[in-house]
Every structure is written in C-alpha cells, then in structure tokens.
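Understanding the architecture of this molecule
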Amino acid sequence: MKAKIFLKIKKAARKSSILVSANEKRKDFRDFIGDLLGIIFCKLARNIKLRQEWQPLVSVLLTSYNRPQMIRRAIQSVLGQTYSNFELIILDDNSNEETRTVIESYLQKDLRIRRYYSEVKDEDRWKEARYAALFNIGLAMARGELIAYLTDDDGYLLSKLEKMVKFFREHPAVKIAYNQQNYLPQNKTRRAYGVLKKPGHVVDAISAMHYKSCVEELGNWETGKGKEDADRYIVGADDMFFNKLARKYAFYPVREVLDTRINHKDTISAKMAEKGK
C-alpha cells in the first residue's frame, strides 16, 4: 500500500516538474519575443529620429508614376553617388501597387530616402503639370540647401552630385548651375552654352541645381491648374520655372555630362502629342 502511494507521489512530482518546465519554456519564449520586439521598436524609433534629424546639403526630388523598373534604375543612380550628403525625396503620383512596392523596398534600406504619395485622380492628371505640382511638394519637404531634380525615366551619372557641389563651393556667388546631358538611345549630348539668362528650352530639368533660397525668394513652379492653356504648362513648366529664376540669377555651366535622359514613347511630350491627335 505504501509502495503504491509512493509511486503516485512520484508520478505527480514528475508531472508537476514537466508542467513547471513547460511553463518556464513559455516564459522564456515570451521574454525572447518581448526582447525582440523591444529591439525592433528601438531600431524603428532610432531610424525615425535619424530621418527627422538628418540635415543634408543636397535634396534630390524624384517624381514617379507607374514605372516600376525605371524608378528602380533612377533610385539606384542616386544611391550610387560618390557624394553622400544628400536626401532623396520620392514624389509618387498615385502609382500602381508594383511601383509603390519598389519604392517601399528602398525606404527600408536607406535612411536618406523619404517619400510622398499623392491621391490625384486619373481624370485630373491632365488639368495641370503634375510633375511641377510634385516638385512644389518636394520643395516644401526639402531640408537641403541645394535642390536637384530627377524623373523616374532618367538617371544621374555617379559623380553628378559630387561635381555639382564642388562647382558651387568653388563659385560661392553662383546660385544656379547646370550640366551637360547625354541623350539616349540617340547617344547625343546636350551641351552647356555658357552663362544663361534665358535657360528655357536649353536646360533640362534634371540637369539644373539651385539653392532652395532662390525658390523661397522668387516662387514655386507654376502648374497651370485652373488655366485654359494648362497644356502649355504640362509640356513647358520647367522652361517657365527656369526663366523665372533667371530673371535674377543666371544659370552657370558645368561643362561635363553628368546625367542621362532617355527618350521613349511614354514621355509626357509623347503622350501630349498622342492626346492632340
């Protein structure tokens, strides 16, 4: 009888030990998950703080709309720069999910990237120069002293920012500069034509760099919204904007090819020509 009681006590003790061990394992697992979540939270908080405190010299404003492969190449052309003190602000105009997925993948990799997603409706796209509207939003977001522009179907050569910044440092009186450009697939060069007071139709948007203070003094891009001749702004907002800046500040040349423009059937000019048929 005593032996049976002893065996029951022994089994109960073993079962209790197993339960205690299982509970300890659960507690250890909960502690592990808690520690892991704490690390992730601290890292996210640190990244958010770093993004908020980041003070770059150059702000690159990159517009995007429904070009997932091209936007990837454009982003890479900025992230691969030999000059690193920049921020990249991606201004997406309500693109499809594939394009946004590409953008989000880069946000996780590099703290210098920020993004803005518009909610524009398709029926409103041709009522103004959307790229100009996005650039204005980017200018409001920009932290850099110098502003550079890029569109999702074009790209920078790897030393673009370094050489442009160097030019500004060597010429402190200059407020606006522009570089030469390579055209693809024709493989032609858009050359620098000296100091310009009328840069419209000569300087491409992505080839210019200027101090943000120029815009604060002389005004933003004009989009043509609400105007009867909105089409004129859609194809020429960059020319109008540059000519406005040049009324006070000349455009100075950097005589090197530092970016690439790709001509294709999906450009704004091509779409406007098709729309006019």
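None of these values were measured; they are calculated from a predicted model.

A few words on the packing of aromatic side chains. All told, the structure shown has ten aromatic pairs when counted by the stated rule. Between Y149 and W221 the ring centres are 5.3 Å apart and the planes differ by 70 degrees, which places this aromatic pair in the edge-to-face class. Within this pair, whereas Y149 is found in strand β4 (residues 146-151), its partner W221 is found in the loop between α6 (212-218) and α7 (230-246), the two being separated by 72 residues in sequence. Residue Y149 shares its accessibility class with W221, and that shared class is buried. Geometrically, the ring pair formed by F242 and F251 is edge-to-face, given 5.3 Å between the ring centres and 65 degrees between the ring planes. Across this residue pair, the class does not change: F242 and F251 are buried. An aromatic cluster is defined as three or more aromatic residues linked by ring pairs; in this entry it consists of Y131, F135, Y149, W221, F241, F242 and F251. The ring centre of Y117 lies 4.1 Å from the NZ or CZ of R100, which sits over that ring.

Between its terminal C-alpha atoms helix α4 (residues 130-141) stretches 17 Å, which fits the 16 Å expected from twelve residues at 1.5 Å a residue. Among the twelve residues of α4, nine are classified as buried, and the element is accordingly described as predominantly covered. Here α4 has its buried residues at R130, Y131, A132, A133, L134, F135, N136, G138 and L139.

In this structure, K160 sits in helix α5 (residues 160-170). Excluding residues that lie within four positions of it along the chain, K160 makes contacts with Q81, N179, I206, S207, L258 and D259.

This part is about the confidence of the model for the protein chain. Taken over all residues, the pLDDT of the protein chain has a mean of 85, while the share at 70 or more is 75%. Low pLDDT, under 50, characterises residues 268-277; the predicted model gives this stretch twelve contacts beyond four residues in sequence or across chains.

To continue, consider the pattern of salt bridges. All chains considered together, the criterion is met by 18 salt bridges. Among the salt bridges present, the one from D110 reaches R112, with a minimum N-O distance of 2.8 Å. Take D110 and R112: they sit in the same class, and that class is buried. A single salt-bridge network, built from bridges that share partners, covers D93, D122, R125, E128 and R130.

A pair of packed helices is characterised by two quantities: the angle between their axes and the separation of those axes. Two elements in contact, helix α2 (residues 68-79) and helix α3 (residues 97-107), have axes separated by 9 Å at closest approach and are oriented at 20 degrees. With respect to each other, α2 and α3 are oriented roughly parallel. With respect to the hand of their crossing, α2 and α3 are arranged in right-handed fashion. Of the residues in α3, those touching α2 at P68, Q69, I71, R72, I75, Q76 and L79 are E98, T99, V102, I103 and Y106. Among the residues making up the contact of α2 with α3, the classes are represented as seven nonpolar, three polar and two charged.

Turning our attention to the pairing of strand β2 (residues 86-92). Counting buried positions along β2 yields seven of seven residues, so the element is predominantly enclosed. Here β2 shows a buried face lined by F86, L88, I90 and D92 and a second buried face lined by E87, I89 and L91. In this structure, β2 lies alongside strand β3 (residues 113-117), joined through five bridges in parallel fashion. Following the sheet pairing, L91 is matched in β3 by Y116.

Bringing the nonpolar core into the picture now. Within the largest apolar cluster, 64 residues are counted, with the highest numbers of intra-cluster contacts made by V58, V60, L88, W221 and F251. Sorting elements by how many residues they give to this core places α7 first, with six residues. In this structure V58 touches Y83, N85, F86, E87, G144, L146, A148, L161, V165 and M209, once residues within four positions along its chain are discounted.

So, how was this worked out
- Starting afresh in each chain, residues are numbered from 1 along the sequence in its written order.
- At least 70 in pLDDT is required for a residue's local features to be given in this predicted model, at least 80 for side-chain atom pairs to be given and counted, and no such filter applies to totals for whole chains, interfaces and linings, which use all residues.
- Heavy atoms throughout the structure, all of them, feed into the side-chain values; hydrogens and water do not.
- The pairing test for Phe, Tyr and Trp rings, Trp by its six-membered ring, is centres within 6.5 Å, and the orientation test on the planes gives stacked under 30 degrees, edge-to-face over 60, and tilted for anything in between.
- Helical segments are the DSSP runs of H or I of at least four residues, strand segments are the runs of E of at least two, and each set is numbered from the N terminus.
- Only protein chains enter the calculation, and the probe is 1.4 Å; a residue is then buried if its accessible area is under 20% of its type maximum, exposed if over 50%, and partly exposed in between.
- Definition used: whenever NZ (Lys) or CZ (Arg) falls within 6 Å of the ring centre and also within 35 degrees of the ring normal, the charge is taken to sit over that ring.
- What a helix is expected to span follows from its residue count: subtract one and scale by 1.5 Å.
- Two residues form a contact once any of their heavy atoms are found within 4.5 Å.
- Across the chain, each position has a pLDDT score giving the predictor's confidence in that residue, from 0 to 100.
- When a carboxyl oxygen of Asp or Glu is within 4 Å of a side-chain nitrogen of Lys or Arg, the pair counts as a salt bridge.
- Under this scheme, a helix contributes an axis fitted over its contacting stretch, all axes are lines through C-alpha atoms, and angles between N-to-C directions fall in the 0 to 180 degree range.
- Orientation categories follow fixed angle ranges, with anything under 35 degrees roughly parallel, anything over 145 roughly antiparallel, 65 to 115 roughly perpendicular, and all other angles oblique.
- Helix crossings fall into two classes, left-handed where the near helix is turned counterclockwise from the far one by less than a right angle and right-handed where it is turned clockwise.
- In this classification, Asp, Glu, Lys and Arg are treated as charged, Ala, Val, Leu, Ile, Met, Phe, Trp, Tyr, Cys and Pro as nonpolar, and every other residue, Gly included, as polar.
- When DSSP finds two or more bridges between a pair of strands, those strands are recorded as paired.
- The term nonpolar core refers to a set of buried residues drawn from Ala, Val, Leu, Ile, Met, Phe, Trp, Tyr and Cys, joined through side-chain atoms within 4.5 Å.

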